[in-house]
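If you want the building blocks of each chain, they are given just below.
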Amino acid sequence: ATLFFEPSTRTRLSFETAVNRLGGRVIGFSDASTTSSSKGETLKDTIKMVSNYVDLIIMRHHLEGAARYATEVTETPVINAGDGANQHPSQTMLDLYSILKTQGTLHNLTITMVGDLKYGRTVHSLLMAMKYFNPTFRFVACEELRMPREYIEFCRRQGINFEEHTDFSREVIDSTDILYMTRVQRERFFNEEDYLRLKDSYILTLEKLKNAKQDLCIMHPLPRVNEISVAVDDDPRACYFKQVRNGRYIRMALIMKMLGIE
Ligand code: CP
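Everything numeric in this text was worked out from a predicted model, so none of it was measured. (Residues numbered from 1 in each chain as written. Predicted model: local features only at pLDDT ≥ 70, side-chain atom pairs only at ≥ 80, totals over all residues. Heavy atoms only, no water.)

*Asks:* Please give an account of the pattern of salt bridges that cites residues and values.
*Replies:* A full pass over the atoms with the stated rule returns 17 salt bridges. Two residues, Arg146 and Glu143, come together in a salt bridge whose shortest N-O distance is 3.3 Å. For Arg146, a relative accessible area of 36% gives the class partly exposed. For Glu143, a relative accessible area of 53% gives the class exposed. (Salt bridge = Lys/Arg side-chain N within 4 Å of Asp/Glu carboxyl O. Buried < 20%, exposed > 50% of the residue type's maximum accessible area, 1.4 Å probe, protein only.)

Laid out in structure tokens, this is it:
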């Protein structure tokens, strides 16, 4: 079952494609307002009820920890397809696979994360997963959207090298192996004014890539709004549409793993 309490294009469609290609069938919803949660049904009851219909639940929810909570009320396996501003682990699996395919290794890379590092769940999950591979991180964000303290502390505890920048400078870009751009997460802002003020803080253009490494990998979990100029799409270093395709393979593998299929 794909239970999407928050909007999605890639994650839901790639999970559904993955199920279909593996010969399974999918039920679910992509608009919670059409379900009985709009009548007041609790998340717990929804999960317990859906568990009777399916072998696997794939869930996106606006509450941080919602997927973990779901695992506590059902024996049916649950995949977190994004929980608020917290984590997006299946995105990280496809990100790791994309990095491995383009760089030939996951080890000893300089990874620059740019944009909304506060609310961007994909960067939180990727940061944690990279602890096994001796990364060097650069976090480029404005003051209001800095990497949250818990992830900074995580880096310190794990002995991971990191720098924080507010300037998206050529110097940072030119010495980067992986440039991970993110969208400012409008849906997590309390007021529109702040969003409008911050949304275009960092925009990647071809000009900025002039002296960047030839094997740089430019990533973005998508959707993109304005943070990567469309002119960059034709640069061979742009990897974000390849990431999307890798999502299909990774999610097929994840489903097999979760269901114990060799
Ligand atoms: N990358 C990602 O999670 O995209 P969607 O929000 O479209 O699923």
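*Asks:* Provide a residue-level description of the sheet that holds strand β4 (residues 78–83), including the pertinent values.
*Replies:* A sheet is described by the order of its strands in space; here 4 strands give the open sequence β2-β1-β3-β4, paired in parallel fashion. In this open sheet, the two strands that pair with only one neighbour each are β2 (28–29) and β4. Two strands pair when backbone bridges link them, and strand β3 (residues 57–61) and β4 are joined in this way by 4 bridges, in the parallel orientation. What sits directly across from Ile58, in β4, is Ile79. Docked against the sheet, helix α1 (residues 10–21) engages β1 (2–4), β2, β3 and β4, running at close to 175° with respect to β1. (Pairing = 2+ DSSP bridges. Helix = DSSP H or I, 4+ residues; strand = E, 2+ residues; numbered from the N terminus. Contact = heavy atoms within 4.5 Å. Axes fitted to C-alpha atoms, helices over the stretch in contact; angles between N-to-C directions.)

*Asks:* Outline the sheet that holds strand β5 (residues 110–114), supporting the account with residue identities and numerical values.
*Replies:* The strand order across the open sheet built from 5 strands is β7-β6-β5-β8-β9, with neighbouring strands paired in parallel fashion. Each edge of the open sheet is held by one strand with a lone partner, namely β7 (161–165) and β9 (217–219). Here the average twist between neighbouring strands, direction ignored, is 15°. With 4 bridges joining them, β5 and strand β8 (residues 178–181) adopt parallel strand pairing. Residue pairing across strands places Thr112 opposite Leu179, the latter belonging to β8.

*Asks:* Give me the lowdown on helix α4 (residues 89–103), citing residues and values where you can.
*Replies:* The end-to-end C-alpha separation of α4 is 21 Å, in line with the 21 Å expected for 15 residues at 1.5 Å each. When we look at burial in α4, the residues that qualify are Ser90, Gln91, Thr92, Leu94, Asp95, Leu96, Ser98, Ile99 and Gln103. Structurally, α4 contributes buried residues whose contacts are with α1, β4, α5 (121–129), β8, β9 and α9 (240–258). Just downstream of α4, Gly104 is the residue with a positive phi angle, here 80°. (Expected span 1.5 Å × (residues − 1).)

*Asks:* Explain the pairing of strand β6 (residues 136–140) to me, using residue names and the numbers behind them.
*Replies:* With 4 of 5 residues buried, β6 is to be regarded as a mostly interior element. Where β5 and β6 come together, 5 bridges link them in parallel fashion. Each residue of the ladder has a partner; that of Thr110, found in β6, is Thr136. Two strands pair when backbone bridges link them, and β6 and β7 are joined in this way by 5 bridges, in the parallel orientation. Of the residues in β7, the one forming a bridge with Phe139 is Glu164. Running through helix α6 (residues 149–158), the crossover from β6 to the neighbouring parallel element β7 is right-handed. (Right-handed = clockwise from strand over helix to strand, strands pointing away.)

*Asks:* Provide a residue-level description of the environment of Met113, including the pertinent values.
*Replies:* By the element assignment, Met113 lies in strand β5. On the basis of relative accessibility, which here comes to 0%, the residue Met113 falls in the buried class. Sequence-wise, Met113 and Tyr180 are 67 residues apart; in three dimensions their C-alpha atoms are separated by 4.7 Å. In this structure Met113 touches Val123, Leu126, Leu127, Phe137, Arg138, Phe139, Val140, Met147 and Tyr180, once residues within four positions along its chain are discounted.

Spatial relationships are all this shows, so hold off on functional conclusions.
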